[in-house]
Protein chains: 2
Amino acid sequence: MKDVARRLADRLVVAPGERARLSRRDPRATPFLDDKSRAEAAIDALVQRLDDWQLRLHAEARQSLLVVIQGMDASGKDGVIRRVMGGFDPAGCHVHSFKAPTALELAHDPLWRLHARTPAAGEVAIWNRSHYEDVLIVRVRDLVPRAVWSRRYRHFVEFERLLVESGTRVLKLCLHLSREEQRERLLARLEEPDKRWKFREGDLDERARWDDYQTAYEDALTRTSSEHAPWYVIPADRKWYRDWAVATLLVHTLAEMRPRIPEPVLDLARLERRLRRER
Amino acid sequence: MKDVARRLADRLVVAPGERARLSRRDPRATPFLDDKSRAEAAIDALVQRLDDWQLRLHAEARQSLLVVIQGMDASGKDGVIRRVMGGFDPAGCHVHSFKAPTALELAHDPLWRLHARTPAAGEVAIWNRSHYEDVLIVRVRDLVPRAVWSRRYRHFVEFERLLVESGTRVLKLCLHLSREEQRERLLARLEEPDKRWKFREGDLDERARWDDYQTAYEDALTRTSSEHAPWYVIPADRKWYRDWAVATLLVHTLAEMRPRIPEPVLDLARLERRLRRER
């Protein structure tokens, strides 16, 4: 298991300094596990272990974990959070979904609203979309000049260095969906009464700029995959594979962090006497 | 089921305008369900329904739910959050554990830090401890003069009115533990290596003021159980009963809120044509 996790991480990582080349990565690929029912069982087992890792993280209270999730519409950001992150104790796992910024947020630097949502020691934070929107939709839609957004890659790398060197592990996941699969999922959204409310006409406008987004993603991944906070590209056309890969990387990351329950500095025998003697 | 939930709510509520009288409420009581294994199965079933209610709440995006949890040390606040609130999709359920206030927080009114953590429309927030600490530990330990804390009951009732009249349902739960059961649980904490880290010497100092806390709780429940935000006192000596009662009240509350998935205002046929025609 450990060995598969390490090899999976090696396969999915965007090696720092190399070009991401999304077109050479198959969104339908299923490296190391190509059986849906085995994947489902494995996901259940992995998800059940999250709670225990989180207890250690919380008891240790020295490190924290930040998971950044990016991906095109319908790539499964909400789905993976529900299925995989649902394994965490909600008391110590905060999910933040970053929408279009408010006027107040726009009046600050693009990391301002994010910084306020970084995890405290002992906690896990999940970011559904993130600062990276400021070099994705902002770039594709020309919301600020190139001179502005092109400087942000460095800001992001250095911001993440600050977090990592202050005790926060940063796991960046890009859910990689094919254009065809997005079409199927958007159609499904239109057809299912329980999903229709999620649909916005703007989704189709973004979809029409598919190639621009791929270029923007490729540049972002290439320029911000660092030794301290590398990107992983998750094949996302098959939901079960996407969930298995994310759960595997998550457990692998927590195991690498090795949080430990601390030894108490209490005089246990004395406390026990105090309680037992009470009456 | 619905009927049991309504009768349970009637049994556990602190009727607005009446005295709470904790001493007449048995922490070991198990009204409406006194079989542990039936309770466990019922909890599983109830917890599984939370996700669906939350989807409706999120899709509707008009109402929100705030759950306030208070109780003595070891009464099971963390436990009930893990077991019951774990059923929510973490993306739409934020848990906030309020610890001793920081210097900055103390420089504001006692509702300042809480107000920033109220749930947005469509979301659920769980408060592990809350503004009520400002009339509990603050009163018992004489941290501010009586003239200050005694005015807070009204502040709290009116703050909750603001929330309720702005679309937030407020469910206030007091986990009611016996002094004997607290002793057993604190001893267990000392004995289990995985729980010891949670133990603080101060826990025994608070325990030594048990009667003062009971009085402070009774006054708080009596003076702040309102028509718009009543208190429920949950018998908490048996963990399975506590979890079942909380899960039942939670599902009952969501059912009363009746969140509905909205009908889209989209021209579905035209969007579907646009997607199908694409190429």
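Residues numbered from 1 in each chain as written. Chains lettered and ligands numbered in written order. Predicted model: local features only at pLDDT ≥ 70, side-chain atom pairs only at ≥ 80, totals over all residues. Heavy atoms only, no water.

Peer 1: Mind laying out the relation of the copies chain B and chain A, listing which residues take part and the relevant values?
Peer 2: Rotating chain B by 180 degrees and moving it 0.0 Å along the rotation axis overlays it on chain A with an RMSD of 0.0 Å. What the superposition gives is, in effect, a two-fold axis relating one chain to the other. Residue by residue, 100% of the interface of chain B is reproduced at the interface of chain A, so both copies engage with the same surface. (Least-squares fit on C-alpha atoms with pLDDT ≥ 70 in both. Contact = heavy atoms within 4.5 Å.)

Peer 1: Residue-level account of the side chain of Glu206(B), with values.
Peer 2: All names here are of chain B. Here Glu206 is to be found in helix H10 (residues 201-207). You can call Glu206 buried: its relative accessible area is 18%. In this structure the side chain of Glu206 is engaged in a polar contact, spanning 2.3 Å, whose partner is the side chain of Tyr213. Other than its neighbours up to four places away in sequence, Glu206 contacts Ile137, Arg141 and Tyr213. (Helix = DSSP H or I, 4+ residues; strand = E, 2+ residues; numbered from the N terminus. Buried < 20%, exposed > 50% of the residue type's maximum accessible area, 1.4 Å probe, protein only. Polar contact = N/O pair within 3.5 Å; in protein donor to acceptor, adjacent residues only side chain to side chain.)

Peer 1: Could you give me a rundown of the packing of aromatic side chains, with the residues and numbers involved?
Peer 2: The relative placement of two aromatic rings is captured by the distance of their centres and the angle of their planes. By the definition in use, this model includes twelve aromatic pairs over all chains. Measuring from centroid to centroid gives 6.4 Å for Trp149(A) and Tyr153(A), while their planes differ by 90 degrees, and the two rings are edge-to-face. On the basis of relative accessibility, which here comes to 5%, the residue Trp149(A) falls in the buried class. With a centroid separation of 5.2 Å and an interplanar angle of 80 degrees, the aromatic rings of Tyr132(B) and Phe156(B) are classed as edge-to-face. Here Phe156(B) lies in helix H8 (residues 152-165) and Tyr132(B) lies in the loop between strand S3 (124-128) and helix H6 (137-140), a separation of 24 residues in the sequence. The exposure class assigned to Tyr132(B) is buried, which follows from its relative accessible area of 1%. Here Phe156(B) falls in the buried class, since its relative accessible area comes to 0%. Grouping aromatic residues by their ring pairs yields a cluster made of Tyr132(A), Phe156(A) and Trp231(A). (Phe/Tyr/Trp six-rings, centres within 6.5 Å; stacked < 30°, edge-to-face > 60°.)

Peer 1: Go over the interface of chain B and chain A with me, naming the residues and quoting the values.
Peer 2: Listed per partner, the contact involves 43 residues of chain B and 43 residues of chain A. The closest approach of N and O atoms between Asp51(B) and Arg82(A), which form a salt bridge, is 2.4 Å. In this structure, the connection of chain B to chain A is made through 16 residue pairs in polar contact (both at pLDDT 80 or more). Those elements that place two or more of their residues in the side of chain B that touches chain A are helix H2 (36-60), helix H3 (77-83), strand S2 (93-97), helix H9 (179-191), H10 and helix H13 (268-276) of chain B. Grouping the constituent residues of the side of chain B that touches chain A by class yields 21 nonpolar, four polar and 18 charged. (Salt bridge = Lys/Arg side-chain N within 4 Å of Asp/Glu carboxyl O. Nonpolar A, V, L, I, M, F, W, Y, C, P; charged D, E, K, R; others polar.)

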